[in-house]
Amino acid sequence: MRRKPPAGTVRVARRVSAAGAVTAAALIVGLGTGAVLLPASATAQAPSAPAVAAPQAAAPPGLGPAGTATVHGDAASTDTLPGRGPGTTPAVTSALTGATCSTVFVGTDGLPVALCTSYVGLTPPTPLAPTVKLFHPDTAAVLAEVQLAKGALLGGVYGYLDDRDRVVVADGNRRLLAVGHERTDAGPWRMTVDVLADLSPAVPAGDAVTGLMPAFDGRVWFATSGGVVGTVRPGGDDDELRSLALPAGEKITNGLTVRPGGASAITTRALYEIDSSEDGTPSVRWRRGYEVGQARKPGLLAQGSGTTPTYFGPGDSLVAISDDAEHPELIVLRRDDGSQVCRMPAFATTLRPDSAAADGVLIDGPAATENSIIATGNALVLVNTYGFEYPPFAVDGPAVPPSAPYTGGMTRIDVRADGAGGPDGVGVGDDACSRAWTSLSRTASLPKLTTGDGQIHALAYGPPRVLSGPGSATDPGLASALDQGLAQKFGPVDVTSTDVETGREVARSFLGHAPLDEPMELTGTIASRGDAPGVMWQPTLTRMLRIGPA
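Everything numeric here is computed off the predicted structure, so don't read it as measured data.

Novice: If you had to explain the sheet that holds strand 14 (residues 220–224) to someone new, which residues and values would you point to?
Specialist: A sheet is described by the order of its strands in space; here four strands give the open sequence 13-14-15-16, paired in antiparallel fashion. Edge positions in the sheet fall to strand 13 (209–214) and strand 16 (242–245), since each has one partner strand and no second. Pairs of neighbouring strands in the sheet enclose a mean axial angle of 15 degrees, with direction left out of account.

Novice: Requested: an account of the state of the cysteines, with residues and values cited.
Specialist: Applying the stated rule across the entire model yields two disulfides. With a sulfur-sulfur separation of 2.1 Å, Cys 101 is cross-linked through a disulfide to Cys 116. Sign of the S-S torsion, about 90 degrees for the bond between Cys 101 and Cys 116, identifies this disulfide as right-handed. With Cys 101 in strand 5 (residues 99–106) and Cys 116 in strand 6 (residues 112–122), the pair connects residues that are 15 residues apart, well separated along the chain. Paired through a disulfide, Cys 342 and Cys 433 show a sulfur-sulfur distance of 1.6 Å. Taken as a pair, Cys 342 in strand 24 (residues 340–345) and Cys 433 in strand 28 (residues 433–439) lie far apart in primary sequence, 91 residues in all. No difference in accessibility class separates Cys 342 from Cys 433, as the two residues are buried. Numbered by position along the chain, the disulfide-linked cysteines of the chain connect as 1-2, 3-4.

Novice: Kindly report on the pairing of strand 35 (residues 543–548), identifying the contributing residues and their values.
Specialist: The buried fraction of strand 35 is high, at six of six residues. Side chains Arg 543, Leu 545 and Ile 547 of strand 35 all project onto a buried face; the interleaved residues Met 544, Arg 546 and Gly 548 project onto the opposite face, where all are buried too. Note: strand 4 (residues 91–96) against strand 35, six bridges, orientation antiparallel. Within the sheet, the bridge partner assigned to Thr 93 lies in strand 35 and is Arg 546. When strand 34 (residues 532–539) meets strand 35, the two strands line up antiparallel, connected through four bridges. Bridge pairing in strand 35 places Gln 538 opposite Leu 545.

Conventions used here
Residues numbered from 1 in each chain as written. Predicted model: local features only at pLDDT ≥ 70, side-chain atom pairs only at ≥ 80, totals over all residues. Heavy atoms only, no water. Pairing = 2+ DSSP bridges. Helix = DSSP H or I, 4+ residues; strand = E, 2+ residues; numbered from the N terminus. Axes fitted to C-alpha atoms, helices over the stretch in contact; angles between N-to-C directions. Disulfide = S-S within 2.5 Å. Buried < 20%, exposed > 50% of the residue type's maximum accessible area, 1.4 Å probe, protein only.

All quantities given are derived from atomic positions and should not be read as evidence of function.
Structure follows, in structure tokens:
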């Protein structure tokens, strides 16, 4: 029997308005207010579009613009976007936000809107308050914002933008909201909030919604950190809420990937392919456990896989994840039945030199990933985040070891289109999956691939500085010490572009310095301008950056 909503629960489709106001910045030193224009430099010309390019994944009805409406670019979580990157000589405009913004969307109106954590919320006074902010498309200044009810830190990170340019997100009161924006009669912008559904009958007190995606039948998929997966029809009555509790002890810390008739969800123990019946009731099609380490690795937010499942291949018939083994492996399965296509070391490292590509490049030391896998055609790109240190309040439990140097690096692995390999696709030697290249760029934001130019774009820590002698600020021993055990990093931060065909870095432009511009593995997006360079919107610890043509 379904639980009835508690007394006083806000009913579906009630509208609230909030006047826009910029939250005061806190603990900011060395940056002025307003927009800042920085010079930029580049290192190479853009290559032609790659042979591995693939068409954009199918979109559910009600989803916003292709590429800029979800955390991972599309419903298949490929982290690919249409159009081109910001170019080799982008202008950089920025503004302080009074917050750290985890995810940026761009709607049909061209206005960026972001899910943020304000340092101090004002309505009511709340430290680290979840906030939705609207930004000026030219100056990156905050135009309006609205504070949401506070819940878990990850609650709302996996929202999306609908076809009415509203951010669909869950708040701390377990309500499904649509946060829009409009101009007032006097001219300024303000935020609007529509309550689409009450999820509390399916989401226990103390739990939080961490994943949201529109379904292909007009419903909305949701997942919670406590392991509940469900669907709801916005604007429906209480009987439109359907849910499924996964086994006790399995948490969900990543997003949902959706397809017609179902979704893929990964917990801290297993990958699930979940079907939805005609009335929206979810059921498990198959469950595939994976190897889990003894504790959270440094550079991951929680114990278990850090990857949102990625659909790819012919008809999105394959699904890719990485596991949480001591030396993590890439696992590719068939979506329909969970059978294994291939399995191989996720990264080529000095601890697994036998897994190197023909280029012979190895990542120094351990490697693991908290990032979703990029997929274009039959090529997969994985990014190493081992050693990256998140704020203490963002992680689930202590890491083992407590800290490690952040070496970075990314790699491309190609999967045979027919999914054929050796027996059950197991082993480094099978030919269903093969490594194409490894690069050593220390990316520090969630990378995105633009299909128009075949480039992977991200913020990255600057290259090593010139050494000036033992004991100096640039001595390698001191640099290693500074890079280990600190909540955030120090030094130059650049925007980089990498050719997905070759793994070569083709552009690098200076943006600012950490810790003020610490990228924090935050999620940006790139708004397409057709054949012209696009506009990259990227948050840092203190600023929102507009990177691209003026």
